[in-house]
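Here is what each chain is made of, one letter per residue.
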Amino acid sequence: TYAAEEGKTALADSMFRAQLAASNNSPRIASTRASLLMARGQYDSALAVVDSVARANPSDDALQQTPISVRMQAAMTRGKLVDGLRLASQAATYSVKHGHVGATLGATFDSAMVEAWYRGSKEKALRIVNAGLARTPLHTLPPLERPFVALAQVYSMVGRPDLARTMLAKFDSIAPTM
């Protein structure tokens, strides 16, 4: 997707086709086409791809959640913040039901980023993050699932570089084990 985000669409398409062929047309690889389409601003086409892949693979939980996530990203990009946050919550609920205990924390970060970025309320964003961390303390998550980088991004966005550096240091301390 980096090539697509840099406007190198021919390279991105070529890489996608090679990955799809090497994966023997894996549905999970096929669904990554949505990322390329999103990078081009083709949100409806991205949604059509993930919906199609999800319908064709009803027993794959990850592929069932992908349309929700893509809809959330499209809504946020289009400025439909309420819809985007509703979908983020829906995606988190789905993830928690399927064993991803930290998913609600990710939705909390989405809400905090909306407050900081779109609504300009850094203080409220920090309160949202703190409330999320009170509900789901980092130590309750498996070490490799702790969202240190996402937290660093939010802390940076709300003007707390001290906390961002702390999260990055914690990530660096476990990164060699990843």
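Whatever comes next refers back to the structure up there.
Owing to the predicted nature of the structure, the values given are computational and were not obtained by experimental measurement.

K.L.:
Please set out the overall build of the chain residue by residue, giving values where relevant.
P.N.:
When helices and strands are tallied, the chain shows 11 helices and zero strands. Its helices and strands in sequence order give the chain the pattern α-α-α-α-α-α-α-α-α-α-α, from N to C terminus. Here the chain holds 178 residues, and the buried ones make up 38% of them. In the chain, the proportion of contacts linking residues at least 24 apart, taken out of those at least 6 apart, comes to 44%. Here the chain has roughly 10100 Å² of accessible surface; of this, 54% comes from carbon and sulfur atoms. Looking at the chain, you have 20 positive and 14 negative side-chain charges, and the mean spots of the two groups are 3 Å apart.

K.L.:
Provide a residue-level description of the pattern of salt bridges, including the pertinent values.
P.N.:
Inspection of every chain in the model, using the stated rule, returns 10 salt bridges. The closest approach of N and O atoms between arginine 160 and aspartate 162, which form a salt bridge, is 2.7 Å. According to the relative accessible area criterion, arginine 160 is partly exposed, its value standing at 30%. Aspartate 162 gets classed as partly exposed once you look at its relative accessible area, which sits at 33%.

K.L.:
Provide a residue-level description of the nonpolar core, including the pertinent values.
P.N.:
Counting 19 residues, the largest nonpolar core has Val129, Leu133, Leu138, Leu151, Tyr155, Val158 and Met167 as its most contacted members. The set of elements that each furnish at least two residues to this core consists of helix 8 (103–118), helix 9 (122–135), helix 10 (148–157) and helix 11 (161–174). Sort the elements by how many residues they give to this core and helix 10 lands first, with five residues. Sequence-distant contacts of leucine 151, defined by excluding residues within four places in its chain, comprise Phe109, Val129, Leu133, Leu138 and Met167. If you look at the next biggest cluster of nonpolar residues, it comprises 10 residues, including Ile68, Ala75, Ala91 and Val114.

K.L.:
Quick rundown of the packing of helix 8 against helix 10? Include the residues and the values.
P.N.:
In the contact formed by helix 8 and helix 10, the axes pass within 10 Å of each other and the chain directions differ by 20°. When the axes of helix 8 and helix 10 are compared, the pair comes out roughly parallel. For the pair helix 8 and helix 10, the crossing hand works out as left-handed. From helix 8, Phe109, Ala112, Met113, Ala116 and Trp117 reach across to helix 10, where they touch Ala150, Leu151, Gln153, Val154 and Met157.

K.L.:
Could you give an account of unusual backbone geometry, with specific residues and numbers?
P.N.:
Even without being glycine, asparagine 24 reaches a positive phi, approximately 60°. Counting through the fold element by element, asparagine 24 comes out in the loop between helix 2 (9–22) and helix 3 (27–31). In this structure asparagine 24 comes out as exposed when scored by relative accessible area, which is 65%. One non-glycine residue, asparagine 25, adopts positive backbone phi at about 60°. By secondary structure assignment, the location of asparagine 25 is in the loop between helix 2 and helix 3.

K.L.:
How would you summarise the environment of proline 137 if you had to cite specific residues and measurements?
P.N.:
The topology assignment puts proline 137 in the loop between helix 9 and helix 10. Taking C-alpha positions, proline 137 is 9.0 Å from leucine 105, a pair spaced 32 residues apart along the chain.

K.L.:
For helix 5 (residues 43–56), give the residues involved together with the corresponding values.
P.N.:
With 14 residues, helix 5 extends 20 Å between its outermost C-alpha atoms, agreeing within 8% with the 20 Å of an ideal straight helix rising 1.5 Å per residue. On its buried side, helix 5 packs onto helix 3, helix 4 (33–39) and helix 6 (61–77).

Conventions and cut-offs
- Residues numbered from 1 in each chain as written.
- Predicted model: local features only at pLDDT ≥ 70, side-chain atom pairs only at ≥ 80, totals over all residues.
- Heavy atoms only, no water.
- Helix = DSSP H or I, 4+ residues; strand = E, 2+ residues; numbered from the N terminus.
- Buried < 20%, exposed > 50% of the residue type's maximum accessible area, 1.4 Å probe, protein only.
- Contact = heavy atoms within 4.5 Å.
- Areas by Shrake-Rupley, 256 points an atom, 1.4 Å probe, with all protein chains shown as cover.
- Lys, Arg positive; Asp, Glu negative; His and termini not counted.
- Charge placed at Lys NZ, Arg CZ, Asp CG, Glu CD.
- Salt bridge = Lys/Arg side-chain N within 4 Å of Asp/Glu carboxyl O.
- Core = buried A, V, L, I, M, F, W, Y, C linked by side-chain atoms within 4.5 Å.
- Axes fitted to C-alpha atoms, helices over the stretch in contact; angles between N-to-C directions.
- Parallel < 35°, antiparallel > 145°, perpendicular 65-115°, else oblique.
- Left-handed = near helix turned anticlockwise from the far one by under 90°.
- Expected span 1.5 Å × (residues − 1).

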